[in-house]
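Single-letter residue listing:
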Amino acid sequence: MTGYPLDPSPEQMREMGEAALGYVIDFLARRVTAPASRFEGAEEVARAHVEPPPDLGGAFPPLLDLMETIAQHSADNAGPGFLAYIPGGGLFASSLADLLSTTIDRYVNLWGEAPVAAAIENNVVRWLCDLFDYPPESRGVLTSGGSLANFSAIVAARKALLPENFLSGTLYVSEQVHASVTKAAMLAGFPTRNVRAVAVTPDLRLDVDDLRRMIAEDRAGGLAPFAVVASAGTTNTGAVDPIEACADLCAAEEMWLHIDGAYGGFFQLTERGRERFRGIERADSITLDPHKGMFLPYGTGGLVVRDGAKLREAHFVGAAYLQDLAADADIPNFAEYSAELSRDFRGLRAWFPLKLHGVSAFREALDEKLDLAEVLYEELKADPNLELPWTPDLTVVPFRLRDGDDQANRRLLAAINASERVFLSSTVVEGRFTVRACILSHRTHRDRIDECIRIVRDAAAELA
Ligand SMILES: Cc1ncc(COP(=O)(O)O)c(C=O)c1O
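Treat the numbers as computed from the prediction; the structure is a model and nothing was measured.

A. Up close: the packing of helix 8 (residues 208–220) against helix 9 (residues 243–253). As a packed pair, helix 8 and helix 9 sit with axes 10 Å apart at the nearest point and diverge in direction by 20°. Considering their axes alone, helix 8 and helix 9 lie roughly parallel with respect to each other. As helix 8 runs across helix 9, the sense of the crossing is right-handed. Contacts between helix 8 and helix 9 involve Val208, Leu211, Arg212, Ile215 and Arg219 on the former and, on the latter, Ala245, Cys246, Leu249 and Glu253. Split into classes, the residues belonging to the contact of helix 8 with helix 9 amount to six nonpolar, no polar and three charged.

This is the structure we're talking about:
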């Protein structure tokens with residue numbers, strides 16, 4: 001050790017760094033054959049790890065062992081067999097970017113401190129704006145995830161359209177909306193009754209006629225309808241709300257249209273996605289989650305706003321101790337557009353893979369996921385023991401036993417997950433327990449989906 005234990009010597013850094021990199025490469029090689037999930041004994045192991053930090057430091061190898069203990073007692077959210085909830089990613093290029101960016105540890109949220117870093121993060125944000133044909137005055141921020149992006153969007157809409165006393169303001173979501181939108185409205189100060197749940201059509205998309213009726217009724221009742229949140233892919237079933245019709249209605253009613261594209265937004269890179277999201281460029285704001293559709297590690301969400309000034313008006317508070325820093329300019333002061341001040345350099349985590357692999361690699365991976373969802377849907381639909389009530393808009397494939405109650409479907413899910421080759425989750429649709437497979441990991445390919453089909457069919461036959 002040097003005289004300053006918090007700063008290891010170059011030799012120590014090399015030894016620890018090489019051991020960590022060795023572990024990473026080995027882990028990634030084993031990932032394909034590793035269990036999709038393994039929870040046996042996990043709670044006991046977790047409890048055995050509850051401890052305060054030691055007063056005196058120890059060695060590095062046990063910390064690497066800890067990674068393996070974590071990995072072996074969990075679901076691999078970013079593995080090829082993970083089809084539950086919304087899969088994660090974790091591109092290797094992003095891991096390297098994180099190591100490098102946390103090492104130089106530059107401050108990116110006020111551009112004057114590290115202009116090149118801020119310009120690179122802004123490249124990512126501009127690319128996101130361009131993806132949705134947003135105009136030059138659009139702005140955006142990288143957030144910690146979709147929840148924070150939805151929160152900032154609702155705060156921006158509230159600030160733009162409602163008076164300071166905003167409690168008569170109402171916003172409209174479909175029954176299928178992600179809970180983070182309701183939470184965002186709550187955190188933005190609205191009573192939950194102001195979040196109006198609009199009915200859905202049989203394909204589980206927001207019913208625009210019901211939306212129109214509710215807005216008219218609420219206006220007549222003295223309320224102030226100000227925003228509609230439509231989903232570019234719901235979490236439950238991947239349904240895409242009728243965005244164009246929502247945009248028409250919002251334009252006529254002078255309301256803010258926010259699109260929650262946390263799950264599905266990046267399918268805009270594909271032809272099929274663009275087709276399904278027609279009209280999305282008319283939305284006032286769009287949530288994206290690069291830690292989903294761009295396969296980045298957790299901690300990377302995004303929000304783009306068509307009129308960027310509105311995002312800034314909702315978030316900017318000046319401070320005397322920041323007066324030496326450069327003013328917001330063509331490179332934005334991201335802190336003035338977001339709820340955060342100090343934070344990680346998220347842009348690099350996205351920029352490295354974009355530069356290393358090119359946009360086309362992402363387009364192809366997402367197209368592959370759409371193809372895989374079609375295969376899974378068609379193959380399961382052909383099984384007489386299963387029913388698939390909804391054709392996937394994107395890559396969520398919901399299904400149930402044709403003649404099974406909720407208990408039987410619960411058993412179906414347990415039997416599928418017991419395979420440890422795939423890991424699926426469930427939801428409730430139309431009051432019924434429904435199993436769903438969501439294909440979004442860049443590591444999931446045709447071989448694993450074929451395996452999934454076999455596992456689901458066998459489990460269904462056993463329970464039929
Ligand atoms: C449609 C949708 N919106 C919002 C979120 C919340 O995003 P995050 O978990 O990144 O906060 C999710 C997460 O799964 C989602 O699927």
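Moving on, there is more to tell.
B. Quick look at the packing of aromatic side chains. The tally for this structure, following the rule as stated, stands at nine aromatic pairs. Their ring planes at 65° and their centres at 6.3 Å tell us that Tyr263 and Phe267 sit as a pair that is edge-to-face. Accessibility assignment for this pair places Tyr263 and Phe267 in one class, buried. Among the aromatic residues, ring-to-ring pairing joins Phe39, Phe82, Tyr85 and Phe423 into one connected group. In this arrangement the basic side chain of Arg312 is found over the ring face of Phe316, its NZ or CZ atom lying 4.3 Å from the centre.

C. View of the environment of Asp307. By secondary structure assignment, the location of Asp307 is in the loop between strand 7 (301–305) and helix 12 (308–315). Each C-alpha atom of the pair Asp307 and Phe82 lies 37 Å from the other, and the pair is 225 residues apart in sequence.

D. Local environment of a nonpolar patch on the surface. A cluster of nonpolar side chains, contributed by Leu21, Ile25, Phe92, Leu96, Leu99 and Leu100, occupies part of the molecular surface with about 520 Å² of accessible area. Listing elements by their share of the nonpolar patch, those giving two or more residues are helix 1 (10–30) and helix 4 (92–104). Considering every element that reaches the nonpolar patch, the biggest residue donor is helix 4, with four residues. On the secondary structure map, Phe92 appears in helix 4.

E. A look at the environment of His442. Turning to its location among the elements, His442 is positioned in the loop between strand 11 (432–438) and helix 16 (446–463). A residue is classified by how much of its surface remains accessible, and His442, at 17% relative accessible area, is buried. The spacing of His442 and Phe362 is 80 residues in sequence and 8.8 Å in space, taken between C-alpha atoms. The residues contacting His442, other than those within four sequence positions of it, are Gly89, Leu91, Phe295 and Lys369.

F. Expanded view of the site of the ligand. Residues in close proximity to the ligand total 15 residues, the closest being Gly146, Ser147, Asp260, Asp289 and His291. Between the ligand and the protein, one listed contact pairs an oxygen atom with a side-chain N or O atom of Thr235 at 2.8 Å. Between the ligand and the protein, one listed contact pairs an oxygen atom with a side-chain N or O atom of Lys292 at 3.1 Å. Contact with the protein chains removes 84% of the 390 Å² of surface that the ligand exposes when unbound. Residue assignment for the shell around the ligand shows that the elements contributing at least two residues are helix 6 (146–161) and helix 11 (290–293). Examining the composition of the shell around the ligand, we find that three residues originate from one element, helix 6, more than from any other. When its residues are assigned to classes, the shell around the ligand shows three nonpolar, nine polar and three charged.

Reading the values: rules and limits
Residues numbered from 1 in each chain as written. Predicted model: local features only at pLDDT ≥ 70, side-chain atom pairs only at ≥ 80, totals over all residues. Heavy atoms only, no water. Axes fitted to C-alpha atoms, helices over the stretch in contact; angles between N-to-C directions. Helix = DSSP H or I, 4+ residues; strand = E, 2+ residues; numbered from the N terminus. Parallel < 35°, antiparallel > 145°, perpendicular 65-115°, else oblique. Left-handed = near helix turned anticlockwise from the far one by under 90°. Contact = heavy atoms within 4.5 Å. Nonpolar A, V, L, I, M, F, W, Y, C, P; charged D, E, K, R; others polar. Phe/Tyr/Trp six-rings, centres within 6.5 Å; stacked < 30°, edge-to-face > 60°. Buried < 20%, exposed > 50% of the residue type's maximum accessible area, 1.4 Å probe, protein only. Lys NZ or Arg CZ within 6 Å of the ring centre and 35° of its normal. Patch = residues over 30% accessible without salt bridge, like charges linked within 9 Å, V, L, I, M, F, W, Y side chains within 5 Å. Areas by Shrake-Rupley, 256 points an atom, 1.4 Å probe, with all protein chains shown as cover. Salt bridge = Lys/Arg side-chain N within 4 Å of Asp/Glu carboxyl O. Near = heavy atom within 4 Å. Polar contact = N/O pair within 3.5 Å; in protein donor to acceptor, adjacent residues only side chain to side chain.

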